[in-house]
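Coordinate analysis (summary)
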Amino acid sequence: MSLWEILDELFTTKYLSMPVPKKDEIDLLIEALTWVESRGDVNAIGDKNIPVSKGGPAYGILQIRGGVLSEVNALWETKYKGADLLGTFGAKLSKNICKDYFTKVCPQYKSFKSAEKDGIPPQENYSKCWNGGVGWYLLTKKKGYETYKKNLDIYWRLVQTRLSV
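The structure contained in this document is the topic of the report that follows. Since this is a predicted model, take the numbers as computed values, not measurements.

Attention shifts here to helix 5 (residues 110-117). Along an α-helix, a turn takes 3.6 residues, which lines up residues three or four apart on a common side. By the criterion of burial, helix 5 is predominantly enclosed, with six of the eight residues buried. Residues Ser111, Phe112, Lys113, Ser114, Ala115 and Glu116 constitute the buried set of helix 5. Looking one or two residues beyond helix 5, the residue adopting positive phi is Gly119, at roughly 90°.

This is the structure:
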């Protein structure tokens, strides 16, 4: 067992969890994320040059990639594709996906729980999961991930500015 696996086990317990933010806090966070991700453009398609094998383009107001869409499709037993996240319907769908990702997917991961245990506030944890993936917290502790951590901190500051508007 690697050092990271041992640490992950030590810092993770199924009984340890900070409370999920209230629904209105999640909705406010999602609104802030839509501004940071796409400036509210319901037809935004970003990172068109990224191949599908590496996450592919990001779609809609929340710039959702294939990995998140796959997890939610498994959770909801659906077959949504990136193009389904465009337009007015896609904007509503994206917000529902984001909410379920925050409340049902993220809390299943050890890294997410480690961030909670170490006192990372819920909105920051969710924001960094959205931008850097649910494993963001443990990755920031690894050597060589300093730029990754710096970029997540910048992203969180941008989200904070929108939360305070």
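Having seen it, we continue.
A separate point is the pattern of salt bridges. A complete count under the given rule lists seven salt bridges for this structure. Where Lys95 meets Glu31, a salt bridge forms, and the shortest distance between an N and an O atom there is 2.8 Å. Of this pair, Lys95 sits in helix 4 (residues 87-105) while Glu31 sits in helix 2 (residues 23-38), placing them 64 residues apart in sequence. Given a relative accessible area of 28%, Lys95 falls into the partly exposed group. In this structure, Lys104 and Asp100 form a salt bridge, with 3.7 Å as the shortest nitrogen-oxygen distance. Highlighted residues: Lys104 and Asp100, both in helix 4, separated by four residues, approximately one helical turn. For Lys104, a relative accessible area of 44% corresponds to the partly exposed category. A single network of salt bridges, built from pairs that share partners, joins Glu124, Lys128, Lys149 and Asp153.

Attention now moves to the environment of Leu152. Here Leu152 is to be found in helix 8 (residues 146-163). Residue Leu152 is classed as buried on the basis of its relative accessible area of 2%. Spatially, the C-alpha atom of Leu152 lies 8.7 Å from that of Ser127, the residues being 25 residues apart in sequence.

Our next topic: the packing of helix 6 (residues 122-132) against helix 8. For the pair helix 6 and helix 8, interaxial distance at closest approach is 9 Å and the crossing angle is 120°. By the angle between their directions, the pair helix 6 and helix 8 is classed as oblique. As for the relative orientation of helix 6 and helix 8, their crossing is right-handed in sense. When helix 6 is examined against helix 8, the residues Gln123, Glu124, Ser127, Lys128, Trp130, Asn131 and Gly132 are found in contact with a partner set consisting of Tyr148, Leu152, Asp153, Tyr155, Trp156, Val159 and Leu163.

The next thing to look at is the nonpolar core. One finds Leu33, Phe102 and Trp130 to be the most contacted residues of the largest nonpolar core, which totals 35 residues. Counting only elements with at least two residues in this core, the list comes to helix 2, helix 3 (66-76), helix 4, helix 5, helix 6, helix 7 (136-139) and helix 8. The leading source of residues in this core is helix 4, at seven residues. Beyond its immediate stretch of four places on either side in the chain, Leu33 contacts Ile61, Leu62, Cys98, Phe102, Ser127, Trp130, Tyr155 and Val159.

Conventions and cut-offs
Residues numbered from 1 in each chain as written. Predicted model: local features only at pLDDT ≥ 70, side-chain atom pairs only at ≥ 80, totals over all residues. Heavy atoms only, no water. Buried < 20%, exposed > 50% of the residue type's maximum accessible area, 1.4 Å probe, protein only. Helix = DSSP H or I, 4+ residues; strand = E, 2+ residues; numbered from the N terminus. Salt bridge = Lys/Arg side-chain N within 4 Å of Asp/Glu carboxyl O. Axes fitted to C-alpha atoms, helices over the stretch in contact; angles between N-to-C directions. Parallel < 35°, antiparallel > 145°, perpendicular 65-115°, else oblique. Left-handed = near helix turned anticlockwise from the far one by under 90°. Contact = heavy atoms within 4.5 Å. Core = buried A, V, L, I, M, F, W, Y, C linked by side-chain atoms within 4.5 Å.

Don't take any of this as a statement about function, it's just geometry.
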